[in-house]
Amino acid sequence: MLLQSGASVKHISETWVSNHYKWIVWKLACYERCYPERYLTVSNVMEELKYRYEREVNHGHRPAIKKILEGDVPPSSVLVLCISSIQTNTEAMFENISTSHGVDRSTVANVELTDGWYSVNAVLDAPLFKMLAFGKLFVGQKLKISGAGLCGWVGPVSPLEASPTVSLVLHINGTYRAHWADRLGFCKTGCAPLAFNCIKSGGGAVPCTFVGIQRIYPVLYRERLSDGEYTVRSERMEAKMQQFYNQRRLPQGKTKSSTGTKRMNHTTTLLSMSFLMKDGMMLLLIIQGSLLCPFITDGTACLYYKTSSLQAT
């Protein structure tokens, strides 16, 4: 039916149709559960498929997960994703989790996240695993994620061709519960600041927090002395010591004259320069200055020029 509507076989495949058909039915079924009207119909599904083909193929729109897996956007960006399923058999994926992400393999769980267009697996750290065990994370819940990692990813890949081992790594300090009406995808605003009592040890980087300045201390200078001891000075004392040090560096007996006059003494100097003769052309060295009387004698160019010297009296 898409081909009859003008779709091109080069840009879509059965995998593409199956993927979008899955998420369209999932979305319309959620609408039908929340509202009394009927949304899950064949006509609505076809209209959604045509809309997605128009956005993704004709207009080049790329959802958040597709941009991340293709390497155009870092996975640490702030985005809203929805939990579409919770998986328990994830031993094959846990083998690819590196210790650089700060996740303990013995206390991790795997969930599937979606942006409404594509899906990607996600690994939870130990605190998020406890929240999942207590039922605070469930299917259909939206999460606002910041500072996530990406494991098992070796290069740009399409979401439809990505390996099951490619997954986001979530940490509790960068994972928030989003509002049910928040739009899926990238966020234009950052995350809410975390209070100090909400920051978990080993829970990853903190994207934002509030800090209050209670006291500002003056600048102190620490100097190591010749005997190995240290001394600490305030900014005022350091300025005095620097002034005293500069005075000691001045040579003794040399003072500045404030009433001295300067006199220009012009002298005339005779320079001899050799020049080369080649093909009837004479190459002379040009000296910067005021030439008075150039002349040539026996292959030697003699130039009179003025030089100035300053003498202070």
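Residues numbered from 1 in each chain as written. Predicted model: local features only at pLDDT ≥ 70, side-chain atom pairs only at ≥ 80, totals over all residues. Heavy atoms only, no water.

- The protein carries the name Protein BREAST CANCER SUSCEPTIBILITY 2-like in an unreviewed UniProt entry, which gives Heracleum sosnowskyi as its organism.

## Observations concerning the confidence of the model for the protein
Point 1. The predicted model of the protein averages 76 in pLDDT, with 71% of residues at 70 or higher.
Point 2. Ignoring residues within four places in sequence, the model shows residues 96-100, a span with pLDDT below 50, making six contacts including any to other chains.
Point 3. Below a pLDDT of 50 lies the segment residues 255-313, which in the model reaches 74 contacts outside its immediate sequence neighbourhood of four places, other chains included. (pLDDT = per-residue confidence, 0-100. Contact = heavy atoms within 4.5 Å.)

## Considerations on helix α2 (residues 42-58)
Point 1. Between its first and last C-alpha, α2 extends 23 Å over 17 residues, near the 24 Å set by a 1.5 Å rise per residue.
Point 2. Residues of α2 that are buried include every one of V45, M46, E48, L49, R52, Y53 and E56, and no others. Looking straight down α2, one finds its buried side chains confined to an arc of 160 degrees; they lie on one side.
Point 3. Check the buried side of α2 and you find it contacts α1 (14-34) and α3 (64-69). (Helix = DSSP H or I, 4+ residues; strand = E, 2+ residues; numbered from the N terminus. Expected span 1.5 Å × (residues − 1). Buried < 20%, exposed > 50% of the residue type's maximum accessible area, 1.4 Å probe, protein only. Arc of directions from axis to C-beta.)

## Remarks on the packing of α1 against α2
Point 1. Look at α1 against α2: their axes get within 10 Å of each other, and the N-to-C directions meet at 125 degrees. Taken together, the axis directions place α1 and α2 in an arrangement best described as oblique. Crossing geometry of α1 relative to α2 is assigned as right-handed. The segment α1 lies against α2, with W16, V17, H20, Y21, W23, I24, K27 and L28 engaging N44, V45, E48, L49, R52, Y53 and E56.
Point 2. Partitioned by chemical class, the residues of the contact of α1 with α2 number nine nonpolar, two polar and four charged. (Axes fitted to C-alpha atoms, helices over the stretch in contact; angles between N-to-C directions. Parallel < 35°, antiparallel > 145°, perpendicular 65-115°, else oblique. Left-handed = near helix turned anticlockwise from the far one by under 90°. Nonpolar A, V, L, I, M, F, W, Y, C, P; charged D, E, K, R; others polar.)

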